[in-house]
Amino acid sequence: NVDLQTDVDFASAEKTVKWCGEIEDRLDAAKQHALSQTASIDELFRAIDEIKALARTKRLELDRLVKTRKESIRGEIVRAAQTALQNHVTALNTRLGKPYMPEQDMTRFGMCIKGLKTVSSLRDAVSTELANAKISASADADKIEANLHVLRDLASEHAFLFHDAAQLVLKANDDLTALVKTRIAEHKVAEDKRLEAERV
């Protein structure tokens, strides 16, 4: 079987690789034994060499296929998770009305499968990491939404003071509330001074 998809497929292919290697070794031993018996067995040697070459070709082909397919599956699993997380973030930005969501660390999926060998363990690790990433992103969106309410409630008449809203909405809610009040208070003091200077 060269259509490697499941752990069973990989285990079977790796077992065949080992089996082909054993055939090569046994045939070498048989050849040496035959050599010690007689010198006139050229036909047997040719047959042994042909079978050995076939076993070697199949072993190398399957071994290469196992390695290539495993890497391919790792990449497919990681890319699918990255796409799913990006789609989740896009939906959250749609909910928020603007692209306020912070950049996501897409390398997390490749990191979480380091050292894992089986397809099922790769899928499990990436699935868990994706679920955690979605939960974290949703929590960020909730925080941003709460901060947008603070800006609307406290700063609706002073929106010009908050041109950096995209960065501000990522702050802790209490910090943002304090910052909004401080900016507005400082603006009012500056306006009072300006008006006073104009009157004089």
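What you see is a predicted model; the values in this text were computed from it and never measured.

A. Spotlight on the overall build of the protein. For the protein, the count of helices and strands is six helices and zero strands. Secondary structure of the protein in N-to-C order comes out as α-α-α-α-α-α. Against the globule reference of 16 Å for 200 residues, the protein gives a C-alpha radius of gyration of 33 Å, more extended than a compact globule. Reported as C-alpha extents along the three principal axes, the dimensions of the protein are approximately 125 × 30 × 20 Å. For the protein, buried positions account for 30% of its 200 residues. A separation of at least 24 residues holds for 67% of the contacts in the protein among residues at least 6 apart in sequence.

B. Fine view of the confidence of the model for the protein. Averaged over every residue, the pLDDT of the protein is 89; residues scoring 70 or more account for 97%. At the level of individual helices and strands, the protein shows its lowest average pLDDT in helix α1 (residues 7-37), which scores 85, and its highest in helix α3 (residues 108-112), which scores 95.

C. Representation of the pattern of salt bridges in the model. Taken as a whole and assessed by the stated rule, the structure comprises 13 salt bridges. The residue Arg95 makes a salt bridge to Asp142 at a minimum N-O spacing of 2.9 Å. Separated by 47 residues along the polypeptide, Arg95 in helix α2 (residues 42-96) and Asp142 in helix α4 (residues 119-155) bring together distant segments of the chain. For Arg95, a relative accessible area of 38% corresponds to the partly exposed category. With relative accessibility at 43%, the residue Asp142 sits in the partly exposed group. Salt bridges linked by common partners bring Arg95, Asp142 and Glu145 together as one network.

D. Structural context of the layout of surface pockets. Roughly 180 Å³ of volume is contained in the largest pocket. Taken together, Leu96, Tyr100, Leu148, Leu151, Arg152, Ala155, Ser156, Ala159, Phe162 and Ala165 form the lining of the largest pocket. Looking at the lining of the largest pocket, the element that brings in the most residues is α4, giving four residues. Here the lining of the largest pocket is built from residues that sort into eight nonpolar, one polar and one charged.

E. Quick peek at helix α6 (residues 173-199). Between its terminal C-alpha atoms α6 stretches 39 Å, which fits the 39 Å expected from 27 residues at 1.5 Å a residue. Among the structural elements, α4 and α5 (165-168) are those in contact with the buried residues of α6.

F. Looking closely at the packing of α4 against α6. Between α4 and α6, the least distance of the axes is 10 Å, while the angle of their chain directions is 20°. In terms of orientation, α4 lies roughly parallel with respect to α6. The two elements α4 and α6 meet at a crossing, and its hand is right-handed. Facing Ala146, Asn147, Val150, Leu151, Leu154 and Ala155 of α4, the residues of α6 in contact are Asn173, Leu176, Thr177, Val180, Lys181 and Ile184.

G. Region of the structure containing the packing of aromatic side chains. Under the criterion given, the structure shown has zero aromatic pairs. Above the plane of the ring of Phe45 lies Lys31, whose end atom (NZ or CZ) is 5.6 Å from the centre. Across from the ring centre of Phe10, 5.4 Å away, lies the NZ or CZ of Lys70, which sits over that ring.

H. Broad picture of the nonpolar core. Within the largest apolar cluster, 40 residues are counted, with the highest numbers of intra-cluster contacts made by Met101, Phe109, Phe162 and Val180. Put simply, the parts of the chain that give this core at least two residues each are α1, α2, α4, α5 and α6. A total of 13 residues in this core trace back to one element, the largest contributor, which is α4. In this structure, Phe162 is in contact with Leu151, Ala155, Leu168, Leu179, Val180, Arg183 and Ile184, ignoring residues within four places of it in sequence.

Basis of the calculations
- Residues numbered from 1 in each chain as written.
- Predicted model: local features only at pLDDT ≥ 70, side-chain atom pairs only at ≥ 80, totals over all residues.
- Heavy atoms only, no water.
- Helix = DSSP H or I, 4+ residues; strand = E, 2+ residues; numbered from the N terminus.
- Rg over C-alpha atoms; globule rule 2.2 N^0.38 Å.
- Buried < 20%, exposed > 50% of the residue type's maximum accessible area, 1.4 Å probe, protein only.
- Contact = heavy atoms within 4.5 Å.
- pLDDT = per-residue confidence, 0-100.
- Salt bridge = Lys/Arg side-chain N within 4 Å of Asp/Glu carboxyl O.
- 1 Å grid on protein atoms, 1.4 Å probe; cavity = no way out; pocket = protein on both sides within 12 Å on 5 of 7 lines; lining within 4 Å.
- Points joined across faces, edges and corners; volume = space filled by probe spheres on them.
- Nonpolar A, V, L, I, M, F, W, Y, C, P; charged D, E, K, R; others polar.
- Expected span 1.5 Å × (residues − 1).
- Axes fitted to C-alpha atoms, helices over the stretch in contact; angles between N-to-C directions.
- Parallel < 35°, antiparallel > 145°, perpendicular 65-115°, else oblique.
- Left-handed = near helix turned anticlockwise from the far one by under 90°.
- Phe/Tyr/Trp six-rings, centres within 6.5 Å; stacked < 30°, edge-to-face > 60°.
- Lys NZ or Arg CZ within 6 Å of the ring centre and 35° of its normal.
- Core = buried A, V, L, I, M, F, W, Y, C linked by side-chain atoms within 4.5 Å.

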